[in-house]
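Here are the chains, one letter per residue:
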Amino acid sequence: MESVYEQQALREALRYEKSLQRRASIIKRSTKKIQTKVNQKIPNRIHTIVTESIKKMIELALTTSSYIRVIDVNQAWRLEERESVIRERIKQYKQTAMLEGAGTGAGGLWLGAADFPLLLSIKMKLLFDIGQIYGYNVKDYQERMYLLHVFMLAFSSEEKQREVMQILNNWEKEQRLWKEVDWKTLQLEYRDTIDFVKMLQLIPGFGAVVGAIVNRQLLDQLGEAAMNMYRLRLLKK
């Protein structure tokens, strides 16, 4: 029998799932047009940094233990206990991301660009921690693929989010079909999703404040996506 906490967690996860099915707001659709113009003004070298960072992130996520930390997880923990640990872990990673964003944002265009690979590493380490705490073996290739799809869910356009949601909701069947990740699509979705806010981080001085705030929000966004997808995976059955 599900506990009261599990029932509440499932309701929250279903609300999250439903929110991703709604049509993009007028503001978001307008922002997309602005993003396209912004992308044209950002130097190609910075786009290259983002592209190469994404490629490196996927390579490390799928082939090494770079993002895996040894975590003492008690498999007898209830969902409430696991999520208590996860919330604390998200809080810790947010603090790290805020410090890193403030530091790189204070340095202007090129130091601000260095934030992309650093922030990616922080995000992936958080994801791998969350997967472990929920009780999954993140050394397994298919579990790593699951985490990359959660990443795509958190940082993609509304249309892509709906597509990825379908994949994650049918993971037991879908995982047999996924041999590799389309890193080009992932890179474009990630870049377009965060460019509009991250471009302000490239402004000297002002960028320090923006870097800290935006990085905190992006970690919240990732944590929310990961927690709700694992809840659906564990409880929807």
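A brief structural summary. (Residues numbered from 1 in each chain as written. Predicted model: local features only at pLDDT ≥ 70, side-chain atom pairs only at ≥ 80, totals over all residues. Heavy atoms only, no water.)

Digging into the overall build of the protein
Part 1: For the protein, the count of helices and strands is 11 helices and 0 strands.
Part 2: Going from the N terminus to the C terminus, the protein shows its helices and strands as α-α-α-α-α-α-α-α-α-α-α.
Part 3: Considering the protein as a whole, with its 237 residues, one finds that 50% of them fall into the buried category.
Part 4: Expressed as a percentage of contacts within the protein between residues at least 6 apart in sequence, the contacts between residues at least 24 apart total 81%.
Part 5: Within the structure as shown, the protein displays about 12200 Å² of accessible surface, and the carbon and sulfur contribution to it stands at 55%. (Helix = DSSP H or I, 4+ residues; strand = E, 2+ residues; numbered from the N terminus. Buried < 20%, exposed > 50% of the residue type's maximum accessible area, 1.4 Å probe, protein only. Contact = heavy atoms within 4.5 Å. Areas by Shrake-Rupley, 256 points an atom, 1.4 Å probe, with all protein chains shown as cover.)

A few points about the packing of helix H7 (residues 141-154) against helix H8 (residues 158-169)
Part 1: H8 packs onto H7 with a crossing angle of 150° between their chain directions and a minimal axis gap of 8 Å. Classified by the angle between their axes, H7 and H8 sit roughly antiparallel to one another. Crossing of H7 against H8: the hand is left-handed. Touching Tyr146, His149, Val150, Met152, Leu153 and Ala154 of H7 are Lys160, Gln161, Val164, Met165, Ile167 and Leu168, all from H8. (Axes fitted to C-alpha atoms, helices over the stretch in contact; angles between N-to-C directions. Parallel < 35°, antiparallel > 145°, perpendicular 65-115°, else oblique. Left-handed = near helix turned anticlockwise from the far one by under 90°.)

A word on the environment of Phe155
Part 1: Take Phe155: it is sitting in the loop between H7 and H8.
Part 2: As for Phe155 and Gln221, which are separated by 66 residues in sequence, their C-alpha atoms are 8.3 Å apart.

Notes on helix H1 (residues 4-19)
Part 1: Helix length check: H1 (16 residues) gives 23 Å between terminal C-alpha atoms against 22 Å at 1.5 Å per residue, within 8%.
Part 2: Among the residues of H1, Glu6, Ala9, Leu10, Ala13, Tyr16 and Glu17 are the ones counted as buried. All buried residues of H1 fall inside an arc of 120° around its axis, so they share one side. Exposed residues lying more than 90 degrees from the buried face of H1 are Val4 and Lys18. (Expected span 1.5 Å × (residues − 1). Arc of directions from axis to C-beta.)

With respect to H7
Think of an α-helix as 3.6 residues a turn; residues three or four steps apart then line up on the same face.
Part 1: Under the 1.5 Å per step criterion, the end-to-end length of H7 is 20 Å for 14 residues, consistent within 8% with the ideal 20 Å.
Part 2: The buried fraction of H7 amounts to 13 of the 14 residues, a majority that puts the element mostly inside the structure.
Part 3: Of the residues flanking the start of H7, the one acting as N-cap is Asp140, its side-chain oxygen 3.1 Å from the backbone nitrogen of Gln142. (Polar contact = N/O pair within 3.5 Å; in protein donor to acceptor, adjacent residues only side chain to side chain.)

Observations concerning the packing of aromatic side chains
Part 1: Applying the stated criterion across every chain, the model contains 6 aromatic pairs.
Part 2: With 4.9 Å between their ring centres and 20° between their planes, Tyr134 and Tyr230 make a pair best called stacked. Note that Tyr134 is positioned in the loop between helix H6 (115-133) and H7 and Tyr230 in helix H11 (residues 206-235), a separation of 96 residues in sequence.
Part 3: Using a relative accessible area of 4% as the deciding quantity, one classes Tyr134 as buried.
Part 4: On the accessibility criterion, Tyr230 (0% relative accessible area) is buried. (Phe/Tyr/Trp six-rings, centres within 6.5 Å; stacked < 30°, edge-to-face > 60°.)

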